[in-house]
Amino acid sequence: MKQTLYFATLLLFLASPPFSEMCAQQNSAEFVSLSEQFAIKLPARYDEYKPFVPLKVGSEDYSLRLYKWNARGGLITVGYASGTMDLEEPDRSKRFFADFRKLILSRIADKGRLVDERSIVLETHPGLELVAENSGLVNAFRIFLVRNRFYMLALVTGPGQRDSSPTGEEALLSFRLLPRSEVVAVRDRILGSLDWSPLPRDPSYTRPKTDAEDGYFKGQVKQVLTESEYFYDGALFGIRTSDEMKEFNEKGYLTREVHFENESPISITSFDHVNGTLVSKKVVMGLSGNGQTIGLSPTRTGKQITRETKFKYREDGRLSQIKVFENGEMVEQRIFSYSQNKRETETWEYFRVLRASAEARSKLSEILDASGNPLEATESRYQNAPEHSSTTGGSYEQKVSEEKSTYTYEFDSQGNWTKRITFNLTSEKGKAKRMPQLVTYRTITYY
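Here the structure is a predicted model, which is why all the values come from computation and not from measurement.

Asker: Would you mind going over the overall build of the protein chain with me for this structure?
Answerer: Of regular secondary structure, the protein chain possesses five helices and 24 strands. Across the 447 residues that make up the protein chain, the buried fraction comes to 44%. A separation threshold of at least 6 residues defines the contact pool for the protein chain, and within that pool the share at least 24 residues apart is 48%. Surface summary for the protein chain: the accessible area is close to 23700 Å², and the carbon and sulfur share equals 49%.

Below is the structure:
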């Protein structure tokens, strides 16, 4: 019963009444999704978006993101979901397709029939096509498995839509995966269109070390772009995403920074340096490839935050403390301590929950190489909780998580790392297990 309800939610979304012919706007434009990394020849502005549509395929639960177009050629949806296993593995793909076929049959058993099914491919990725008739409508599904994720395309047509031009089938056949080079080109076009100027004041530098030196960079670094790619089942799954971009002036101080979400800038920050304090103006944004804001509260979009970062250093020039203030209120504090090749960082984050003050604390213990790069790390997180009932008042701090990691690196000619692999350390049946979790890439340009 639960499986039927899951799929009923999806089917209701697919088969909701189409717009009138005057509202349907089919053209030759191509919709591009940077977050899901696909493109399809449909209008750049879709008609509806649903970010969390539950779907159960066999024993696995997924959350679909669904885009919907009411086109002349029919009602078209494109869905995307990701999991934690390699769906292309032969046994898994066979089971996935069989389970999805059962879903379709369970919905059309009384009122419709399956009229066609066949195996298909997208580039080298396996797929399945199903065509069903149900209550006078033709429902066509195309499913593609791409490593740990799948794409589901659906077309619902009525009798008056099957001879339209262009046809819905033509749109489905235009679906393609975006190569990384194209994703980067779109990302860079978005960046180039933004007004991203440094703060106008003349800076005064009084810090013992520059931002670049505090980040353990060597040489005259101009720009650092950081990207990530995750492992699943011990294998990289092919989606590389942008994390942040930092720019430094020729003296090594930060001037600009951008953070990305789904390859679109989610915040833009400009920096200044006044009397040893790093002053910044951050603008929170909400962008997507087609100009619509997804997954970001409208009240936050365009919000400007003033931030001040104050530094303290030891006599040997290494950082001892960082305090961060937003709009005059401290939001973060970090304290550093060192012992030979070890560094320990305690971090407090301060925030408000329903107007009440709250804080979170974490502790990071690292073993460093000669250049200051972590080789091993243990991160523990703590939270405050009500005191045990046997005592009165106050609170105690409890550890809520601990994660151990090791790292390997590749370096450029300047000695800065450009690729880092993070391994998680776990224990299984009393034996230590080292599993790759993440690859971090840095593209560094120099003056």
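Asker: Just checking my understanding: could you explain the side chain of N373 for this structure?
Answerer: Within the fold, N373 resides in the loop between strand 20 (356–368) and strand 21 (374–386). On the basis of relative accessible area, N373 is assigned to the buried category, the value being 7%. Apart from residues no more than four positions distant in its own chain, N373 is found in contact with I367, L368, Y409, F411 and W417.

Asker: Would you mind showing me how to read unusual backbone geometry here?
Answerer: Note: most peptide bonds trans; most residues except glycine with negative phi. With a phi angle near 55 degrees, N262 is a residue other than glycine that sits in the positive phi range. Mapping N262 onto the fold places it in the loop between strand 13 (254–261) and strand 14 (264–274). Positive phi values are uncommon outside glycine, yet N327 reaches one of about 50 degrees. If you trace the backbone, N327 turns up in the loop between strand 17 (319–326) and strand 18 (329–339).

Asker: What should I look at first to understand the sheet that holds strand 8 (residues 137–146) in this one?
Answerer: What holds strands together in a sheet is hydrogen bonding between their backbones, with the strands either parallel or antiparallel. Spatial strand order, 3-4-5-9-8-7-6: seven strands in an open sheet with antiparallel pairing. Each edge of the sheet is formed by a strand with only one pairing partner; in this case those strands are strand 3 (48–57) and strand 6 (112–122). Direction aside, the axes of adjacent strands within the sheet are offset by 20 degrees on average. Sheet analysis places strand 6 next to strand 7 (residues 125–134), joined by ten bridges and oriented antiparallel. Across the sheet, the residue bridging to G112 is N134, located in strand 7. In the packing of helix 2 (residues 90–108) onto the sheet, contacts are made with strand 3, strand 4 (60–71), strand 6, strand 7, strand 8 and strand 9 (149–157), and the angle to strand 7 comes to roughly 10 degrees.

Asker: Can you help me understand the sheet that holds strand 1 (residues 31–33) in this one?
Answerer: Judged by pairing direction, the sheet is antiparallel, and its three strands sit side by side in the order 1-2-10 without closing on themselves. Each edge of the sheet is formed by a strand with only one pairing partner; in this case those strands are strand 1 and strand 10 (176–177). By the bridge criterion, two bridges tie strand 2 (residues 38–40) to strand 10 in an arrangement that is antiparallel. Looking across to strand 10, one finds that A39 is bridged to R176.

Asker: So what exactly am I meant to see when it comes to helix 2 here?
Answerer: Residues separated by three or four positions in an α-helix point in the same direction, a consequence of the helix having 3.6 residues per turn. Taking 1.5 Å of rise per residue, 19 residues should cover 27 Å, and helix 2 covers 28 Å from first to last C-alpha, within 8% of that figure. Those residues of helix 2 that fall on the buried side of the exposure criterion are S93, F96, F97, D99, F100, L103, I104 and I108.

Asker: Where do I start with the pairing of strand 8 in this structure?
Answerer: Along any regular strand, the residues point their side chains to alternate faces of the sheet. The element strand 8 is extensively covered by neighbouring structure, given that nine of its ten residues are classed as buried. Relative to strand 8, strand 7 runs antiparallel, the two sharing eight bridges. Bridge pairing in strand 8 links E133 to V138. The antiparallel pairing of strand 7 with strand 8 creates a hairpin that spans two residues between the two strands, and S135 there sits at a positive phi of about 55 degrees. Note: strand 8 against strand 9, nine bridges, orientation antiparallel. Note on strand 9: the bridge partner recorded for N139 is V156. The hairpin turn running from strand 8 into strand 9, its antiparallel successor, is two residues long, and R147 in that turn takes a positive phi close to 55 degrees.

Quick notes on the rules
- Residues numbered from 1 in each chain as written.
- Predicted model: local features only at pLDDT ≥ 70, side-chain atom pairs only at ≥ 80, totals over all residues.
- Heavy atoms only, no water.
- Helix = DSSP H or I, 4+ residues; strand = E, 2+ residues; numbered from the N terminus.
- Buried < 20%, exposed > 50% of the residue type's maximum accessible area, 1.4 Å probe, protein only.
- Contact = heavy atoms within 4.5 Å.
- Areas by Shrake-Rupley, 256 points an atom, 1.4 Å probe, with all protein chains shown as cover.
- Pairing = 2+ DSSP bridges.
- Axes fitted to C-alpha atoms, helices over the stretch in contact; angles between N-to-C directions.
- Expected span 1.5 Å × (residues − 1).

By themselves, these observations are geometric and do not establish any function.
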